[in-house]
Amino acid sequence: MRISKIHGRRDFIRNTSIVAGGAILTGGLFSSFKKLPGSEMKLGLVTYLWAKDWDIPTIIDNSTKANIAGVELRVEHAHGVNLDLNKAERLEVKSKFADSTVRIIGMGTNEQYDWPDPDKLKNSIETTKKWLHLSKDIGGTGVKVKPNQFHEGIPKEKTLEQIGRALNELGRYALDMGQQIRLEVHGNGTQELPNIKAIMDFVENRGTTVCWNCNEQDLEGKGLEYNFNLVKDRFGDICHVREMNLGDYPYQQLMDLFVKIDYKGWVLLECRTDPADKVSAMIEQREAWEKMISKAQKKI
């Protein structure tokens, strides 16, 4: 009986050591397989322009075929998702996306806050709030807006401040709803990154964010990386790209920068061409993007 107890204790210690050693070894192995920076980025689609004539079932079907994970619905397109939808219709839209593998990201609007007319400015702010409610009702997470331009006779600094203060108000409102305002880098003059930074300097919350938009002005001044760094701390969860395998825009460098900061948001295709087979074109863009991300990760 005594010998049996000793052997039992030895077996227990030996087995415990093996298990513990295995746990330590396994933990060490798994710790070495950490996700690469940029691995949580996702590719999605803006309905402008490739999907402008598609209804929601077609958007979901074609996105699924192309392995595109999400969609931003640009207003006034064939999908019909607009402010006049009633509660039941909004729930129906939400249900269609919830029953699919395609996520509804939110609404892409044309609301702007540069208006010299106070009534127009107020209307834009209040209409944006309505879009936020629509986004929430259909299962989205935010609303894209624009700066949008300067006006003759009005100092640029005044316009930038006005836009920024409007976005500060809207950012607080969005946060209270669990939504996000996404300021697209857009507009004649306002799309210059130093001006976007100046706008965002008036925003004192995380409810309003910057949506990178891949404009040629991104390369002006001290170049892409400098301009990227001006606003990278204000990025939200979307950016817009065009066809990544066409033109002169340095998409590989841009993806390198996104990977470097471990961007976890959506890269949304907002394409300008008109291919006959848009599903094949979406697949082509996804494959081009995946290669860029892989190449960027190898540089880390």
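Data block above holds the structure.
Cut-offs applied
Residues numbered from 1 in each chain as written. Predicted model: local features only at pLDDT ≥ 70, side-chain atom pairs only at ≥ 80, totals over all residues. Heavy atoms only, no water. Helix = DSSP H or I, 4+ residues; strand = E, 2+ residues; numbered from the N terminus. Buried < 20%, exposed > 50% of the residue type's maximum accessible area, 1.4 Å probe, protein only. Contact = heavy atoms within 4.5 Å. Phe/Tyr/Trp six-rings, centres within 6.5 Å; stacked < 30°, edge-to-face > 60°. Lys NZ or Arg CZ within 6 Å of the ring centre and 35° of its normal. Pairing = 2+ DSSP bridges. Axes fitted to C-alpha atoms, helices over the stretch in contact; angles between N-to-C directions. Core = buried A, V, L, I, M, F, W, Y, C linked by side-chain atoms within 4.5 Å.

*Asks:* Describe the side chain of Lys-144, with residues and values.
*Replies:* Note on placement: Lys-144 falls in strand β4 (residues 142–145). Lys-144 sits in the buried class, given a relative accessible area of 1%. In this structure, Lys-144 is in contact with Glu-72, Arg-74, Met-107, Gly-108, Thr-109, Asn-110, Arg-182, Glu-184 and His-240, ignoring residues within four places of it in sequence.

*Asks:* For the packing of aromatic side chains, give the residues involved together with the corresponding values.
*Replies:* Summed over the entire model, instances satisfying the criterion amount to eight aromatic pairs. On the numbers, 6.1 Å between centres and 85 degrees between planes, the contact of Trp-212 with Phe-235 is edge-to-face. One end of the pair, Trp-212, is in the loop between β6 (208–211) and α7 (224–231); the other, Phe-235, is in the loop between α7 and β7 (238–241), with 23 residues separating them in the sequence. When sorted by exposure, Trp-212 lands in the same class as Phe-235, which is buried. Each ring, one from Phe-235 and one from Tyr-263, has its centre 6.5 Å from the other, and the planes form 75 degrees; the classification is edge-to-face. A residue pair is termed long-range when its members are at least 10 positions apart, and Phe-235 in the loop between α7 and β7 and Tyr-263 in the loop between α8 (251–260) and β8 (266–269) qualify at 28 residues. As far as burial versus exposure is concerned, Phe-235 and Tyr-263 are alike and both buried. Connected via pairs of aromatic rings, a cluster forms that spans Trp-212, Phe-228, Phe-235, Phe-258 and Tyr-263. Across the ring face of Trp-266, the terminal group of Lys-42 is positioned such that the distance to the ring centre comes to 5.2 Å. Its guanidinium or amino end placed over the ring of Phe-150, Lys-156 lies 5.3 Å from that ring's centre, counting from NZ or CZ.

*Asks:* Give me the sheet that holds strand β1 (residues 42–46): which residues, what numbers.
*Replies:* The strand order across the open sheet formed by eight strands is β6-β5-β4-β3-β2-β1-β8-β7, and the pairing between neighbours is parallel. The sheet terminates laterally at β6 and β7, the two strands that pair on one side only. On average, each strand axis in the sheet is tilted by 30 degrees relative to the strand beside it, whichever way the strands run. The pairing of strand β5 (residues 180–184) with β6 spans four bridges and is classified as parallel. Bridging across to β6, Glu-184 finds its partner in Cys-211. Sheet contacts for helix α4 (residues 118–137): β3 (103–108), β4 and β5; angle to β4, the most-contacted strand, approximately 140 degrees. With respect to the sheet, helix α9 (residues 278–298) is in contact with β1 and β8, its orientation differing from that of β1 by roughly 145 degrees.

*Asks:* Can you explain the environment of Glu-225? Please cite residues and give values.
*Replies:* Relative to the elements of secondary structure, Glu-225 occurs in helix α7. The class for Glu-225 is partly exposed, based on a relative accessible area of 36%. For the pair formed by Glu-225 and Leu-257, sequence separation is 32 residues and the distance between their alpha carbons is 7.5 Å. Not counting the four nearest positions on each side in its chain, Glu-225 is found in contact with Gln-253, Leu-257 and Lys-260.

*Asks:* I'd love a proper account of unusual backbone geometry, names of residues and values included.
*Replies:* Generally, phi is negative for residues other than glycine and the peptide bonds are trans, each holding for most cases. A cis amide bond links Tyr-48 with the next residue in sequence, Leu-49, at an omega value of -5 degrees. Of note, Leu-49 is situated in the loop between β1 and α2 (56–65). Positive phi, normally seen in glycine, also occurs at Asn-67, with a value near 60 degrees. One non-glycine residue with positive phi stands out, namely Glu-76, at about 65 degrees.

*Asks:* Explain the nonpolar core residue by residue, including any values.
*Replies:* Among the nonpolar cores identified, the biggest contains 74 residues, and Trp-212, Leu-254, Met-255 and Phe-258 are the most heavily contacted of them. Every residue in contact with Leu-254, bar those within four places of it in the chain, is listed here: Trp-212, Cys-214, Leu-224, Phe-228 and Tyr-249. Among the nonpolar cores identified, the runner-up in size contains six residues, and Val-46, Cys-211, Ile-238 and Leu-268 belong to it.

*Asks:* I'd like to hear about the environment of Ile-68, residue by residue, with values.
*Replies:* Tracing the backbone shows Ile-68 in the loop between α2 and β2 (70–74). What makes Ile-68 buried here is its relative accessible area of 2%. Separated by 24 residues in the primary sequence, Ile-68 and Gly-44 place their C-alpha atoms 5.3 Å from one another. The contact partners of Ile-68, leaving out residues within four places of it in the chain, are Leu-43, Gly-44, Leu-45, Ser-63, Val-102, Leu-269, Met-282 and Arg-286.

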